[in-house]
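Listed below, chain by chain, are the residues.
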Amino acid sequence: MDDKQERNAAQAVFGIIGWPLGHTLSSALHEAAYRKLGMNAVYSAFPTPPESLRDAVRDIRAKGLRGINVTVPHKVAVMSFLDEVAAAAAKIGAVNTIVRTADGRLVGHNTDAAGFVLSLAREGVSLAGRRVAVFGAGGAARAVVAAAAAEKAAEIRIFNRTLSRAKELADAFTAPERPVTAFPIDDARDGSADADVWVQTTSVGLSETDAPPVPLDHAAGKTLVDLIYRPRTAFLIEGGRRGAKVIDGYGMLVYQAAEAFRLWTGLEPPVEEMWSAGLAARK
Ligand code: ATR
């Protein structure tokens, strides 16, 4: 083997599966960590249409990839192709990180919930004892509700266009010490008026012309979080104008990546390097 072949043989391969995968910042985040820690590793994008998901997981096994991130639309479907799903990810109902164990088993985890909590902590926001309003009840909302429950929020209210979906999510996380309740999104104006932290998890805002999905009359003094990080959403722009503290989804993106890195390598993720590399790649 020449030098290059030797290097390649020892190289750890990580990556991401999703569809489409046009604008992922994950490569920039993870490769910044490999650079900082001097690791011989690469992070590749594997665009995977839904009908190829089973084959993609088979390839991950066959090629001995060390770790894979999973993004839209595979976070739920991928679970049935894994050897094991960690309890917390099973409760959320979605996997965003697959870890290959030393004996070659593929285990599904979810780092979105931890990423959410850590991104708020960076901004000095804790969910402990707070009343939390969540707009939306899809996969992203499930991770947020799991995080709020784990952080001992006092109360969680879920507002969704499709009430049955909100109810199902509320039922999964409600507990005597922490009521989780479901409402139609049309009730959000009054129903979130006394909540301290509002979390926007719907896809409304991905298009620059989208109006906020809920009225912001009572936003002053609240913390508004939008999981969307690009473009800046009307929810955050208008909320900020009304005197809310606003946090976008960039922090959650970076911290879910950092926690995936930790699971794969057992190393402390160099978050600041990841943070600035992602910002640079975003431009
Ligand atoms: P994700 O995994 O990103 O959460 P998802 O599971 O498709 O994606 O969920 C999308 C969320 O955005 C849902 O809460 C959806 O509401 P429904 O459950 O009623 O479909 C919400 N959503 C999407 N478009 C919306 C719109 N125009 N107005 C209000 N909510 C919307």
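Here's what I pulled together on the structure shown here. Quick caveat, the model's predicted, so the values are computed rather than measured.

What counts and what doesn't
- Residues numbered from 1 in each chain as written.
- Predicted model: local features only at pLDDT ≥ 70, side-chain atom pairs only at ≥ 80, totals over all residues.
- Heavy atoms only, no water.
- Helix = DSSP H or I, 4+ residues; strand = E, 2+ residues; numbered from the N terminus.
- Expected span 1.5 Å × (residues − 1).
- Buried < 20%, exposed > 50% of the residue type's maximum accessible area, 1.4 Å probe, protein only.
- Phe/Tyr/Trp six-rings, centres within 6.5 Å; stacked < 30°, edge-to-face > 60°.
- Near = heavy atom within 4 Å.
- Polar contact = N/O pair within 3.5 Å; in protein donor to acceptor, adjacent residues only side chain to side chain.
- Areas by Shrake-Rupley, 256 points an atom, 1.4 Å probe, with all protein chains shown as cover.
- Nonpolar A, V, L, I, M, F, W, Y, C, P; charged D, E, K, R; others polar.
- Pairing = 2+ DSSP bridges.
- Contact = heavy atoms within 4.5 Å.
- Axes fitted to C-alpha atoms, helices over the stretch in contact; angles between N-to-C directions.
- Salt bridge = Lys/Arg side-chain N within 4 Å of Asp/Glu carboxyl O.
- Arc of directions from axis to C-beta.

## Some remarks on helix α10 (residues 250-265)
- With 16 residues, α10 extends 23 Å from end C-alpha to end C-alpha; this agrees with the ideal 22 Å at 1.5 Å per step.
- Judged by how many residues are buried, α10 sits mostly within the fold: 14 of 16 residues are covered.
- Just beyond α10, the residue with positive phi is G266, at close to 75 degrees.

## Here's the deal with the packing of aromatic side chains
- Throughout the structure, instances matching the rule amount to 11 aromatic pairs.
- On the basis of an interplanar angle of 35 degrees and a centroid distance of 6.2 Å, the ring pair of Y34 and F261 is categorised as tilted. In this pair, Y34 sits in helix α2 (residues 26-37) while F261 sits in helix α10, placing the two residues 227 residues apart along the sequence.
- Residue classification places Y34 among the buried residues on the basis of a relative accessible area of 2%.
- With a centroid separation of 6.1 Å and an interplanar angle of 80 degrees, the aromatic rings of F135 and F235 are classed as edge-to-face. Taken together, the positions of F135 in strand β7 (residues 131-135) and F235 in helix α9 (residues 234-241) put the pair 100 residues apart, joining distant regions of the chain.

## Observations regarding the site of the ligand
- Neighbouring the ligand are the residues G136, A137, G138, G139, A140, N160, R161, T162, R165, T202, S203 and V204.
- Taking A137, its main chain carries an N or O atom lying 2.9 Å from an oxygen atom of the ligand.
- Between the ligand and the protein, one listed contact pairs an oxygen atom with a side-chain N or O atom of R165 at 2.9 Å.
- Computed on the free molecule, the ligand has an accessible area of 650 Å², of which 66% lies beneath the protein chains in the complex.
- Class assignment of the residues belonging to the shell around the ligand gives a composition of 3 nonpolar, 7 polar and 2 charged.

## With respect to the sheet that holds strand β1 (residues 12-18)
- Pairing is mixed across the open sheet formed by 6 strands, whose spatial order is β2-β1-β3-β5-β6-β4. Because the sheet does not close on itself, it has two edges, and the strands there are β2 (41-47) and β4 (84-85).
- Direction of pairing for strand β3 (residues 67-70) relative to strand β5 (residues 97-100): antiparallel, over a ladder of 3 bridges. Counted as the bridge partner of G67 is V99 from β5.
- Across the sheet, α2 touches β1, β2 and β3, and the angle it forms with β2 is around 165 degrees.
- Contacts between α10 and the sheet are confined to β1, β2, β3, β5 and β6 (106-109), with β5 contributing the most and set at about 10 degrees to the helix.

## So, the pattern of salt bridges
- Scanning the entire structure with this criterion turns up 16 salt bridges.
- Between K36 and E273 there is a salt bridge whose closest N-O contact spans 3.5 Å. In this pair, K36 sits in helix α2 while E273 sits in helix α11 (residues 271-282), placing the two residues 237 residues apart along the sequence.
- According to the relative accessible area criterion, K36 is partly exposed, its value standing at 48%.
- For the salt bridge of R189 with D217, the shortest nitrogen-to-oxygen distance reads 3.2 Å. Residue R189 is found in helix α8 (residues 188-191), and its partner D217 is found in the loop between β10 (197-200) and β11 (223-226); the two are separated by 28 residues along the sequence.
- A relative accessible area of 33% places R189 in the partly exposed class.
- Overall, the relative accessible area of 39% leaves D217 in the partly exposed class.

## What about helix α3 (residues 53-63)?
- Taken residue by residue, α3 has L53, A56, V57 and I60 as its buried positions. Summarising the axial view, the buried residues of α3 lie within an arc of 100 degrees, below the 170-degree limit, and thus occupy one face. Of the residues in α3, the exposed ones pointing more than 90 degrees away from the buried face are R54, R58 and A62.
- The secondary structure elements touched by the buried residues of α3 are β1, β3 and β6.

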